[in-house]
Amino acid sequence: FPVTIPIALFQSSRAEVKRVNFVDNPKVGDVYFLNCLPSNYTTMKIAAIEKDSIHFIANDTSVTKFKKVFYINEDKYYTDKIKSYSKSQVKDLLLKDSIYSIDRE
C-alpha cells in the first residue's frame, strides 16, 4: 500500500508536465479532452495555429461518462465548426482543469 501512493503521485505529476508542455508547444492534430460541465465530456482537435491563437475543430458530440469520451474521438464526430482561442485562454482552460488531457500522435 505505501508504495502505490508515491507511484500514483509520480504518474500524476508526469501527466501534468506533459499537458503543460503540449499547451505551451501546440501542434496541429493535438486532441484536447474537455470537462465542460460537471458531467459533460467532449474533445476538440487543433486545426491551425497562429502567433497568438489556436483554432480547433469542434466535436459535435459529448458524453456524460468520463471513460466514454474516447469513443467520440473519431473523425465522424468532428464538424466543420472552428472554435478559436487565444493561447492565454487555452492556458486558463488548463489551469481550471477544463482541459484534463491532451493526446498527440
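Just above, that's the structure.
Everything numeric in this text was worked out from a predicted model, so none of it was measured. (Residues numbered from 1 in each chain as written. Predicted model: local features only at pLDDT ≥ 70, side-chain atom pairs only at ≥ 80, totals over all residues. Heavy atoms only, no water.)

Undergrad: I keep staring at the overall build of the protein and nothing clicks. Help me out?
TA: Counting its secondary structure elements, the protein contains 2 helices and 5 strands. Moving toward the C terminus, one meets the helices and strands of the protein in the order α-β-β-β-β-α-β. Nonlocal contacts in the protein, meaning residues at least 24 apart in sequence, comprise 54% of its contacts between residues at least 6 apart. For the protein, the computed accessible surface area is about 7100 Å², with 56% contributed by carbon and sulfur atoms. (Helix = DSSP H or I, 4+ residues; strand = E, 2+ residues; numbered from the N terminus. Contact = heavy atoms within 4.5 Å. Areas by Shrake-Rupley, 256 points an atom, 1.4 Å probe, with all protein chains shown as cover.)

Undergrad: Hey, could you run me through the pattern of salt bridges in this one?
TA: Pairing between side chains of opposite charge can happen when their charged atoms approach one another. One pass over the structure, following the stated rule, counts 6 salt bridges. The shortest N-O distance in the salt bridge between arginine 104 and aspartate 30 comes to 2.7 Å. With arginine 104 in the segment after β5 (99-103) and aspartate 30 in the loop between α1 (4-24) and β1 (31-37), this pair connects stretches of sequence that are 74 residues apart. Overall, arginine 104 belongs to the partly exposed group, its relative accessible area being 26%. With a relative accessible area of 1%, aspartate 30 lands in the buried category. (Salt bridge = Lys/Arg side-chain N within 4 Å of Asp/Glu carboxyl O. Buried < 20%, exposed > 50% of the residue type's maximum accessible area, 1.4 Å probe, protein only.)

Undergrad: When you look at the sheet that holds β1 in this model, what are you seeing that I'm missing?
TA: Where strands meet in a sheet, backbone hydrogen bonds hold them as pairs that are either parallel or antiparallel. The 5 strands are arranged β4-β3-β2-β1-β5 in an open sheet whose pairing can be described as antiparallel. Where the open sheet ends on each side, the last strands, each with one partner, are β4 (78-86) and β5. This sheet shows a mean twist of 35° between the axes of neighbouring strands, independent of strand direction. Running over the sheet, helix α2 (residues 87-95) touches β1, β2 (40-49), β3 (53-59), β4 and β5 and is turned about 95° from β4. (Pairing = 2+ DSSP bridges. Axes fitted to C-alpha atoms, helices over the stretch in contact; angles between N-to-C directions.)

Undergrad: Which parts of the structure should I look at to understand the packing of aromatic side chains?
TA: Each aromatic ring pair is summarised here by two numbers: the centre-to-centre distance and the angle between the ring planes. Taken as a whole, this structure holds 7 aromatic pairs when the rule is applied. Relative to tyrosine 100, the ring of phenylalanine 33 has its centre 6.3 Å away and its plane inclined at 50°; by these criteria the two rings are tilted. Here phenylalanine 33, found in strand β1, pairs with tyrosine 100, found in strand β5; they are 67 residues apart in sequence, far enough to count as distant. Judged on exposure class, the residue phenylalanine 33 and its partner tyrosine 100 are both buried. Arranged with centres 5.8 Å apart and planes meeting at 70°, the rings of phenylalanine 56 and tyrosine 85 form a pair that is edge-to-face. Of the two residues, phenylalanine 56 sits in strand β3 while tyrosine 85 sits in strand β4, which places them 29 residues apart along the sequence. Judged by relative accessible area, which is 0%, phenylalanine 56 ranks as buried. The class of tyrosine 85 is partly exposed, set by a relative accessible area of 23%. Ring pairing ties together the aromatic residues Phe33, Tyr41, Phe66, Phe70 and Tyr100, which thus form one cluster. (Phe/Tyr/Trp six-rings, centres within 6.5 Å; stacked < 30°, edge-to-face > 60°.)

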